[in-house]
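# Structure at a glance
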Amino acid sequence: MKPLINKNLITLKCVLFCFLSGIGCIYPFLPVHMLAVGLDRAEARLISAVAPCIALIGPAILGPLIDKLSVGRGSTGGGASPSGSGRLLRIVTAVCLILSALFYTLLLAVPYSERHEARRPQVLFMCDADGAYVMQEVCTEGMRCNSWLGEKKGVLAVGACEYGCADEDLSWLTEPFTTTSTTTTLSPMYNSVANATPSEELVTDDGDEGAEFERNPPHLCTDGQCLVYMQHAARLRVPLTLTAPQPLTNVTETERNDNNTTDDNWCTYRGPFQCLVPEDRLSEINTRDAYCRPAVRCQVLDPYDEPDGVLSDAECRLVVGDPAYTFWTYFVLRAIADIWPTAGLALLGAACVIATRETSLGRGDVGRQLAFGTIGLAIFPPLAGLAAEQMPDSPYLVPFVLHAVFMLIGAIILLVDSRMPLSAPEWWWHTATGALAVPLSAVRRYGAETAAVFAVVALLGTLCSTIDSYLPWTVLELNGTFSQVGLLMTETALPAVPALWWAEALVDYVGHSNIFISAFIFYCLRYTGLAFSTSYAWVALCELLQVFTLSLVWVTAMLYFRHLVPKKYTTTGQALPIIAHFCIGRCIGAIIGGMVTLEEPLESMRGIYRALGVVSLMAGAVYLALYHLLLAPRCAAQPAAPPNNLLQGLNTNGASNGTYSPMRVYHEERSRKGHFRY
């Protein structure tokens, strides 16, 4: 009777347990950690999209490299030690785990930055014989108005100008206006004068109204040019050259009034302007106060939206740290960090395929190794989230430390256990050595099928990443907690354990392509549920379907590429589904999932979910039609028996001559090898 647990594979199961536990402790919290260090959502989406593209460097390089260096080092090749390739695979995988622990931990050292959302404070404008005053409300305590070096030129749009008396503290500017602007537009009159002294001769108002204001409208003059504000004007664009306000340090009361300085509530900008009040208007100005300065004030219109506005970038902001330095530091570290677990996942997949030693007498139990590792994925994420809640000052310390600890334990096991069965197996369907070696033409023959499966897995990875890349944001926006974010991993991992345990038998019975088709249908259901989710409970219910959209898809892709790729390219073959699903698919999915509006992110995301639900259903229908109407009939088993030389080769050493189709062999040789349905 076959034992339930192979003792030779216990250490491999422990490595997978540590690896997936470490991934589970950190992966759910990376999206929210990016926001916690001060990145905005646009920057976080950019990192989420670019990092997977860089991460494919790991499996794309290490997979072929190990295959190349392992040639002649296995038990079937040359005179090298039978454990040569196994030692190489163990050491490289251990290095990937150590580097993953190192670079993700370095993310904790990224300098914190903080940017408050810009607020648009009130802006006032006044002009007298000494110059122009632009007063901007101070934002809040600790948030000062923006400043600049030297002078700044631009335009200030004003309306409803009127004469008045400026008191000592300029509080007149804050009083209600007696003149109200209308909705009519005005082409302002530019008058060249030698001395910027307004007079009746400078104004051509057609004399229709005859009002005193129209005979002596306000003149705003600079550099010998005057802008005339007419009472029926709605908008007047005033060109200004302003100097930034100075702080109040060591500034006297007189200097505060006479220079461009700030008080507790306003920042005052000064500009070289001149507004003279006509003699016949001086008598109308209230001069009862001891201090009175004849001036013109105007309402300021859209100071931050006016084209070429002098205050267009002067909104109130509070910036803590250096946001640019924070972004680039996090971007570089995260891009490098993602390389190593992605490469480690590909190498561990190859280790499972090699160590389980699938032969013609039975299956290799790849799924059972993954099922044991998935137990760690179910246990530790909610514990890491709970620990984060108990440490509000440093909530991400425990998840990142747990990740590093599990990765280092897995690396130690790989380096210490030299008996792990990772050397080249004695027998393989696609042998790499001997007289019956698979020629390169056979590899090319399976190239089209490999490319098709690669594209399907990449599409499934896109659908997966569109949800998972930003799901923690959605949970927190629905008033969820860190422990609930981690609990989602548990809810997806628990049903995956029995599914992976019997995965090979299930895939053999249902068929690889039917598993992929079913995944598209379940993605449609999952997206439809998320599109109408309004609470955490509904999101958690939809996440239970991930066992059909990720777990079974992952193991199916591993088993499919195990048969499509010859033995000498085993590690490369296992790197292909990782590149397709967790690199290319994750990149595209992060881009699609990031196409949300900032005003209503939840409702925008629901719209994306509804659209992708339809796309998933259509993709499943197209795949179903192409496979059963086109591919399956062409790849069906032939009624004739296989050639004698093929049967002879299989009976002697299990090798083939490279002239058969994998589908035909798997369908024809049911007694020797399980009924693998593609």
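Here's a quick rundown of the structure.

What counts as what
- Residue indices follow the written sequence of each chain, beginning from 1 at its first position.
- Predicted model: local features are reported for residues with pLDDT of at least 70 only, side-chain atom pairs are reported and counted for 80 or more only, and whole-chain, interface and lining totals are derived from all residues.
- Heavy atoms throughout the structure, all of them, feed into the side-chain values; hydrogens and water do not.
- A fitted line through C-alpha atoms serves as each axis, taken over the contacting stretch for helices, and the angle formed by two N-to-C directions is quoted from 0 to 180°.
- Secondary structure counts use DSSP, requiring at least four H or I residues in a row for a helix and at least two E residues in a row for a strand, with both numbered from the N terminus.
- Relative orientations are named as follows: roughly parallel for angles under 35 degrees, roughly antiparallel for angles over 145 degrees, roughly perpendicular for angles from 65 to 115 degrees, and oblique for any other angle.
- Should the near helix be turned anticlockwise from the far one by less than a right angle, the crossing is left-handed, and should it be turned clockwise, the crossing is right-handed.
- In the scheme used here, Gly and all other residues not listed as nonpolar or charged are polar, with Ala, Val, Leu, Ile, Met, Phe, Trp, Tyr, Cys and Pro taken as nonpolar and Asp, Glu, Lys and Arg as charged.
- Basic side-chain nitrogens of Lys or Arg form a salt bridge, by our definition, when they fall within 4 Å of a carboxyl oxygen of Asp or Glu.
- Burial classes follow relative accessibility: with a 1.4 Å probe on protein chains only, a residue under 20% of its type's maximum area counts as buried, one over 50% as exposed, and anything between as partly exposed.
- By the convention used here, strands pair only if DSSP detects at least 2 bridges between them.
- A helix is expected to reach a length of 1.5 Å times the quantity of its residues less one.
- Classification of ring pairs rests on two measures: the distance between centres of Phe, Tyr or Trp rings, Trp counted by its six-membered ring, which must be within 6.5 Å, and the angle between planes, read as stacked under 30 degrees, edge-to-face over 60 and tilted in between.
- Space inside and on the surface of the protein is sampled on a 1 Å grid over the protein atoms alone, with a cavity defined as a set of points where a 1.4 Å probe fits but cannot get out and a pocket as an open set with protein on both sides within 12 Å along at least 5 of 7 lines; lining residues have an atom within 4 Å of a point.
- Grid points are joined across faces, edges and corners, and a volume is the space filled by probe spheres set on the points.

Relative orientation of the contacting elements helix α13 (residues 447-468) and helix α21 (residues 570-593) amounts to 40 degrees, with a least axis distance of 6 Å. In this view, α13 runs oblique relative to α21, as classed from their interaxial angle. Considering only the axes of α13 and α21, their crossing is right-handed. Considering only residue class, the contact of α13 with α21 consists of 13 nonpolar, 9 polar and 1 charged.

In a structure, side chains of opposite charge can pair up when their charged atoms sit close to one another. With the rule as written, the count across this model stands at 10 salt bridges. Measuring nitrogen to oxygen at the nearest pair gives 2.8 Å for the salt bridge that ties Glu162 to Arg297. Residue Glu162 is found in strand β4 (residues 151-166), and its partner Arg297 is found in strand β10 (residues 293-300); the two are separated by 135 residues along the sequence. Take Glu162 and Arg297: they sit in the same class, and that class is buried. Two residues, Asp338 and Arg334, come together in a salt bridge whose shortest N-O distance is 3.1 Å. Taken together, the positions of Asp338 and Arg334, both in helix α9 (residues 323-355) and 4 residues apart, correspond to about one turn of that helix. Residue classification places Arg334 among the buried positions, given a relative accessible area of 6%.

Among the 8 residues in β10, 6 count as buried, and that is most of the element. Where strand β2 (residues 123-128) and β10 come together, 5 bridges link them in antiparallel fashion. What sits directly across from Asp128, in β10, is Ala295.

Here we come to helix α20 (residues 546-564). Between its terminal C-alpha atoms α20 stretches 26 Å, which fits the 27 Å expected from 19 residues at 1.5 Å a residue. With respect to burial, α20 is a largely interior element, 18 of its 19 residues being buried.

Attention shifts here to the packing of aromatic side chains. Two aromatic rings are characterised by how far apart their centres lie and by the angle between their planes. Taken as a whole and judged by the stated rule, the model has 14 aromatic pairs. Their ring planes at 70 degrees and their centres at 6.1 Å tell us that Phe29 and Phe482 sit as a pair that is edge-to-face. In this pair, Phe29 is assigned in the loop between α1 (10-26) and α2 (30-36) and Phe482 in helix α15 (residues 482-493), connecting sequence segments 453 residues apart. In terms of burial, Phe29 and Phe482 fall into one category: buried. Ring-pair connections join several aromatic residues into one group, and the members of that group are Phe17, Phe372, Phe380 and Phe406.

Moving on to empty space enclosed by the protein. Scanning the model with the defined rule gives 7 cavities of 30 Å³ or more in all. Put simply, the largest cavity is a space of about 810 Å³. Every residue lining the largest cavity is counted, 37 residues in all, and those nearest its centre are Ile23, Tyr27, Met489, Leu550 and Phe582. Grouping the constituent residues of the lining of the largest cavity by class yields 24 nonpolar, 8 polar and 5 charged. Here the second largest cavity is characterised by a volume of approximately 100 Å³. Lining the second largest cavity we find Tyr27, Leu30, Pro31, Met34, Ser48, Arg334, Asp468, Ser469 and Arg586. The element best represented in the lining of the second largest cavity is α2, accounting for 3 residues. Class assignment of the residues belonging to the lining of the second largest cavity gives a composition of 4 nonpolar, 2 polar and 3 charged.

Everything listed here is a matter of geometry and, on its own, says nothing about what the molecule does.
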